[in-house]
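Analysis of the macromolecular model
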Amino acid sequence: MPPSQKGADIGLYGLGTMGSALALNFAEKGFSVAVSNRETAWIDTFLEEAGSLAAKITGFAQLADFVRAIARPRSILFMIPSGAPMDAMIEAILPVLEEGDTIIDGGNADFNATRARSEALAATGIHFVGMGVSGGEEGARNGPSMMVGGSTHSWQQLRPMVEAIAARYQGDPCVAHLGPDGAGHFVKTVHNGIEYADMQMIAEIYGLLRDAGGKSAAEIGALFESWQEGPLSSYLIEVSAAALQSTDSRSGRPMVDVILDKAGQKGTGRWTLIEALKMGQSASTVEAAVGARGWSSEKQVRTRAEDLLSAAATAVDLPSEGDLQGALLAGRILGHAQGFRILSAASEEFDWSLDLARISEIWRAGCIIRSALLDDLAEAFRDNPPEGHLILAPAVRAQLAETVGPLRRVVAAGVAAGVPLPALSAGLAWYDTMRTARGTANLIQAQRDFFGAHGFARIDADGRHHGDWNRLRQA
Ligand code: 6PG
């Protein structure tokens, strides 16, 4: 069937917080939008609240009417919960779609599911795009960062629209087609893994200042706010500074002091780890952050343990402000480097040719991990770092040379004071592992061969060898 220019530029299904905000963003940029929602009553409410933008938006209660109202080849963005709801919607909409149409999943989906859906739909002539959308409600409404997977055909349809609604960094839209099938959702998952690590490291510095330094939430918030002027400038520092300085109107106490210390999670941090481990990688900073959220939920155990387990005996001098700031920057660099390492491993594994510099660029604005650092990282990738490794890029090495000393001193202070710094410590251990040419895996290989005859490579001969474990025979 020939393409038709008649109809809405884009269809958007799912008028929750993110879907509504994106629909308004498209409309504001001049695109006509057809919308629909499972709970049909929401459609009228949404249109009433859309104000003057409602002129560009048409609501449909019936799925078939919604689809018919969109210009072919259709781009239909789903902003619904990932997993089974997405599969149910694909099944429902498929009979009314036509060859060349594209279904876009804009949720935080498991990239394995995105790959499976793309493959399943390939034979039907319907395209499937997994698109990571970052920036929360505010981002969706005023400019998110978007990580797009799927076919070139779909990207051609989508490109003018997503470039128009995206956040901009010095005029450059924070959206890119990153690769086929699950590439967009994979990159979004790793974005979230880095987000977890960054949030955790900020929380660890807060913990050190609170528990070893006796600082109030407002004092720590003011310190973080001052860091916004320097190399740590980022959305997550801004948010943390504002949260720490907010007051609970009910109790008059600092808002953070009345929040239960149990962190939730929806799974993207965990997915980052699972995929990293499957590829023989380790994102130890992300792992520390996911683990810390898990331990945080064992509140009852921790409350009992506080009286039962001994604390550190030493009172420590709090590291200087410069050291705290430097340590957090080193941790942030190492967390990002681990995330990018996973991306490059996945790029090889799935043959995606991910452009790591472009990924850094589209994370410079709109998304949750946006920060001054990402511009430096984009440049570092453009200069082709040795071994493709961010920590070996000259500019990154220079930053690490200045900040790893502070990281060591801060981790040491945490260890001495008994304040847990799992993500910062993990980052430091990874740094030290990577800068050690002769590691200790020779003993691991010896142990494996000793008890399991697994064999090992020698430093002075090719092939697979076994050890002369003569001490065992003598015993
Ligand atoms: C974003 C965020 C967003 C959300 C995640 C993390 O990029 O806009 O990552 O997707 O914050 O779902 O949520 P959890 O902390 O609940 O896992």
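**Here's the deal with the site of the ligand**
- In the vicinity of the ligand, 13 residues are found, and the nearest of them are Ser134, Glu195, Tyr196, Lys266 and Arg293.
- In the environment of the ligand, an oxygen atom lies 2.9 Å from a nitrogen or oxygen atom belonging to the backbone of Gly135.
- Between an oxygen atom of the ligand and a side-chain N or O atom of Glu195, the distance comes to 2.6 Å.
- Contact with the protein chains hides 80% of the accessible area of the ligand, taken as 410 Å² for the molecule alone.
- Mapping the ligand onto the cavity grids shows that it belongs to the second largest pocket.
- Ranked by the residues each element gives to the shell around the ligand, the list is headed by helix H8 (residues 183-212), at 5 residues.
- Among the residues making up the shell around the ligand, the classes are represented as 2 nonpolar, 7 polar and 4 charged.
- Two domains each put at least three residues into the shell around the ligand: domain 1 (10-181) and domain 2 (189-362 + 392-434).

**Considering the packing of aromatic side chains**
- Under the defined criterion, the tally for this structure stands at 13 aromatic pairs.
- Grouped by ring-pair contacts, the aromatic residues Phe111, Phe186, Phe350 and Trp352 constitute a single cluster.
- The lysine or arginine in question, Arg293, covers the ring of Tyr196, its NZ or CZ lying 3.6 Å from the ring centre.
- Here Arg370 stacks its cationic end above the ring of Tyr235, 4.0 Å away from the centre of that ring.

**What to know about empty space enclosed by the protein**
- In the structure shown here, the tally under the stated rule is 1 cavity of 30 Å³ or more.
- Taken as a whole, the largest cavity encloses approximately 40 Å³ of empty space.
- For the largest cavity, the full set of lining residues is Ala337, Phe340, Arg341, Ser344, Leu356, Phe381, Gly388, His389 and Leu390.
- Looking at the lining of the largest cavity element by element, the count peaks at 4 residues for helix H14 (residues 321-350).
- Of the residues in the lining of the largest cavity, the class split is 5 nonpolar, 3 polar and 1 charged.

**Topic: unusual backbone geometry**
- The peptide bond linking Arg72 to Pro73 adopts the cis configuration, its omega dihedral lying at -10°.
- Summarising the element assignment, Pro73 is placed in the loop between helix H3 (63-68) and strand S4 (75-78).
- The residue Asn384 is not glycine, and still its phi comes out positive at about 50°.
- For Asn384, the position within the fold is in the loop between helix H16 (372-382) and helix H17 (394-417).
- Classification of Asn384 by relative accessible area gives exposed; the value is 64%.
- Its identity is not glycine, yet Glu387 carries a phi of approximately 60°, on the positive side.
- Along the chain, Glu387 falls in the loop between H16 and H17.
- Given the relative accessible area of 70%, Glu387 is considered exposed.

**So, the domain arrangement of the chain**
- One can read the domain layout of the chain as domain 1 (10-181), domain 2 (189-362 + 392-434) and domain 3 (441-475).
- Distance between the C-alpha centres of domain 1 and domain 3: 56 Å.

**Section: the nonpolar core**
- Residues Phe224, Leu343 and Trp363 are the most contacted members of the largest nonpolar core, which totals 86 residues.
- The element that contributes the greatest number of residues to this core is H14, accounting for 14 residues.
- The residues that make up this core include at least three from each of domain 1 (10-181) and domain 2 (189-362 + 392-434).
- Leave out the neighbours within four places in its chain, and Leu343 touches Phe186, Val187, Val190, Leu354, Leu356, Ile359 and Trp363.
- Counting residues in hydrophobic clusters, the runner-up holds 34 residues, among them Val35, Leu47, Val133 and Val148.

**Here's the deal with the layout of surface pockets**
- Here the largest pocket defines a volume of roughly 2100 Å³.
- Around the largest pocket, the lining is made up of 46 residues, and of these Ala203, Tyr206, Arg210, Asp261 and Ser296 lie nearest the centre.
- Listed by contribution, the elements that provide at least two residues to the lining of the largest pocket are H8, helix H10 (235-244), helix H12 (284-296) and helix H13 (299-308).
- For the lining of the largest pocket, the leading source of residues is H8, giving 10 residues.
- Here the lining of the largest pocket is built from residues that sort into 27 nonpolar, 8 polar and 11 charged.
- Here the second largest pocket is characterised by a volume of approximately 970 Å³.
- Lining of the second largest pocket is provided by 36 residues; of these, Met18, Ile80, Gly107, Asn108 and Lys266 occupy positions nearest its centre.
- Secondary-structure elements contributing two or more residues to the lining of the second largest pocket are helix H1 (17-28), helix H4 (84-93), strand S6 (127-134), H8 and helix H11 (268-278).
- A total of 5 residues in the lining of the second largest pocket trace back to one element, the largest contributor, which is H8.
- A per-class count over the lining of the second largest pocket returns 14 nonpolar, 16 polar and 6 charged.

**Let's talk about the pairing of strand S5 (residues 102-105)**
- Both faces of S5 are covered, namely the face carrying Thr102 and Ile104 and the face carrying Ile103 and Asp105.
- Bridging between S4 and S5 involves 4 bridges; their strand directions are parallel. If you follow Phe78 over to S5, its bridge partner there is Asp105.
- At this point the chain moves from S4, through H4, to the parallel S5, and the crossover so formed is right-handed.
- Summarising the sheet, S5 and S6 pair through 4 bridges and their orientation is parallel.

**Digging into the packing of H8 against helix H18 (residues 422-434)**
- Where H8 meets H18, the axes come as close as 7 Å, and the angle between the chain directions of the two elements is 115°. It follows from the interaxial angle that H8 and H18 lie roughly perpendicular. Along its contact with H8, which presents Gln200, Met201, Glu204 and Ile205, the element H18 presents Pro422, Ala423 and Leu424.
- Among the residues making up the contact of H8 with H18, the classes are represented as 5 nonpolar, 1 polar and 1 charged.

Criteria and cut-off values
Residues numbered from 1 in each chain as written. Predicted model: local features only at pLDDT ≥ 70, side-chain atom pairs only at ≥ 80, totals over all residues. Heavy atoms only, no water. Near = heavy atom within 4 Å. Polar contact = N/O pair within 3.5 Å; in protein donor to acceptor, adjacent residues only side chain to side chain. Areas by Shrake-Rupley, 256 points an atom, 1.4 Å probe, with all protein chains shown as cover. 1 Å grid on protein atoms, 1.4 Å probe; cavity = no way out; pocket = protein on both sides within 12 Å on 5 of 7 lines; lining within 4 Å. Sits in = over half its atoms within 2 Å of the grid points. Helix = DSSP H or I, 4+ residues; strand = E, 2+ residues; numbered from the N terminus. Nonpolar A, V, L, I, M, F, W, Y, C, P; charged D, E, K, R; others polar. Domains from an automatic or database assignment. Phe/Tyr/Trp six-rings, centres within 6.5 Å; stacked < 30°, edge-to-face > 60°. Lys NZ or Arg CZ within 6 Å of the ring centre and 35° of its normal. Points joined across faces, edges and corners; volume = space filled by probe spheres on them. Buried < 20%, exposed > 50% of the residue type's maximum accessible area, 1.4 Å probe, protein only. Core = buried A, V, L, I, M, F, W, Y, C linked by side-chain atoms within 4.5 Å. Contact = heavy atoms within 4.5 Å. Pairing = 2+ DSSP bridges. Right-handed = clockwise from strand over helix to strand, strands pointing away. Axes fitted to C-alpha atoms, helices over the stretch in contact; angles between N-to-C directions. Parallel < 35°, antiparallel > 145°, perpendicular 65-115°, else oblique.

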